[in-house]
Amino acid sequence: GFIYPCPDEIISPLAFQTLVNQIDAKLLDLQNDYTAMLNRYNFDSPVAAGQVVPAGVDTPLTAAVLNYVTPVAGLWIVRGYAQANAAGVTNMRRLRVRLNGVSRPGTTQNAEGNNFIVPMTVVPLVTAAGDTISLTYLFNGTVTETVFGRLDAKMLVRIP
């Protein structure tokens, strides 16, 4: 709020100067919000090098390009994508987004009979500055799969 003299107080030049400084500070805050809105953070990883994943093991995808550290607090929309080369029969594939190593909801695809389906998940996340966003992959089948992941993150709203 703005400090402004009460009706029964004597209005001095100092009171007006205080009010003007408060209005200027608020306008600068609004300008910073406007600039942040026009230049929202946006992260698009390249496709990560293949990682061998064993069947039945929920495996974090460890490529450096699949780990994003949020520079500011905010509401983010995160998209994970994983393409796999199967070395055997695959019945199910699941991809989940993780926040600081804790799995969030994801997408499970029925790949029964080796039906080639690529799991993609989209998750909203509320993060603090310095939080890490990553992916985890699970499949049910035989032998191993080589997984090529991709991670995209877009800040929707900054949280001051």
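Numbers given for residues are sequential positions, taken from 1 along each chain in its written order. In keeping with the predicted nature of the model, local features appear solely for residues at pLDDT of at least 70, side-chain atom pairs appear and are counted solely at 80 or more, and the whole-chain, interface and lining totals rest on all residues. Calculation of side-chain values draws on the structure's entire complement of heavy atoms; hydrogens and water are dropped beforehand.

Here the focus is the pattern of salt bridges. Pairs can form between side chains of opposite charge whenever their charged atoms are close. Salt bridge, as used here, is a side-chain nitrogen of Lys or Arg placed within 4 Å of a carboxyl oxygen of Asp or Glu. As enumerated under the stated definition, the model contains six salt bridges in all. For Arg-158, the salt bridge is made with Asp-33, and the minimal N-O distance between the two is 2.2 Å. Residue Arg-158 is found in strand β10 (residues 144-158), and its partner Asp-33 is found in helix α1 (residues 13-38); the two are separated by 125 residues along the sequence. Where Arg-93 meets Glu-145, a salt bridge forms, and the shortest distance between an N and an O atom there is 3.0 Å. You can see Arg-93 sitting in strand β6 (residues 90-99) and its partner Glu-145 sitting in strand β10, a full 52 residues away along the chain. In DSSP terms, a helix is any run of H or I states spanning at least four residues, a strand is any run of E spanning at least two, and both are numbered starting from the N terminus.

To continue, consider the pairing of β10. One bridge is not enough; two strands pair if DSSP finds at least two bridges between them. For strand β1 (residues 42-44) and β10, the ladder comprises three bridges, and the chain directions are antiparallel. Residue pairing across strands places Asp-44 opposite Asp-152, the latter belonging to β10. The sheet contact formed by strand β2 (residues 51-54) and β10 spans four bridges and is antiparallel. Residue pairing across strands places Pro-54 opposite Thr-144, the latter belonging to β10. Two strands pair when backbone bridges link them, and strand β5 (residues 74-86) and β10 are joined in this way by 13 bridges, in the antiparallel orientation. Across the sheet, the residue bridging to Val-78 is Ala-153, located in β10.

Attention now goes to unusual backbone geometry. For Asn-100, which is not glycine, the phi torsion reads 55° and is therefore positive. Inspection of the secondary structure puts Asn-100 in the loop between β6 and β7 (102-110). Accessibility expressed as a relative area gives 43% for Asn-100, which makes it partly exposed. We note that Val-143 has phi near 60°; this positive angle belongs to a residue other than glycine. Looking at where Val-143 falls in the secondary structure, it is placed in the loop between β9 (132-141) and β10. For Val-143, a relative accessible area of 54% puts it in the exposed group. With a 1.4 Å probe rolled over the protein chains alone, any residue whose accessible area is under 20% of its type maximum counts as buried; one over 50% counts as exposed, and the rest are partly exposed.

To qualify as a nonpolar core, a set must consist of buried Ala, Val, Leu, Ile, Met, Phe, Trp, Tyr and Cys residues joined through side-chain atoms within 4.5 Å. Within the largest apolar cluster, 24 residues are counted, with the highest numbers of intra-cluster contacts made by Leu-61, Val-78, Ile-133, Tyr-137 and Leu-151. Residue assignment for this core shows that the elements contributing at least two residues are β5, β6, β8 (120-127), β9 and β10.

By themselves these figures say nothing about function.
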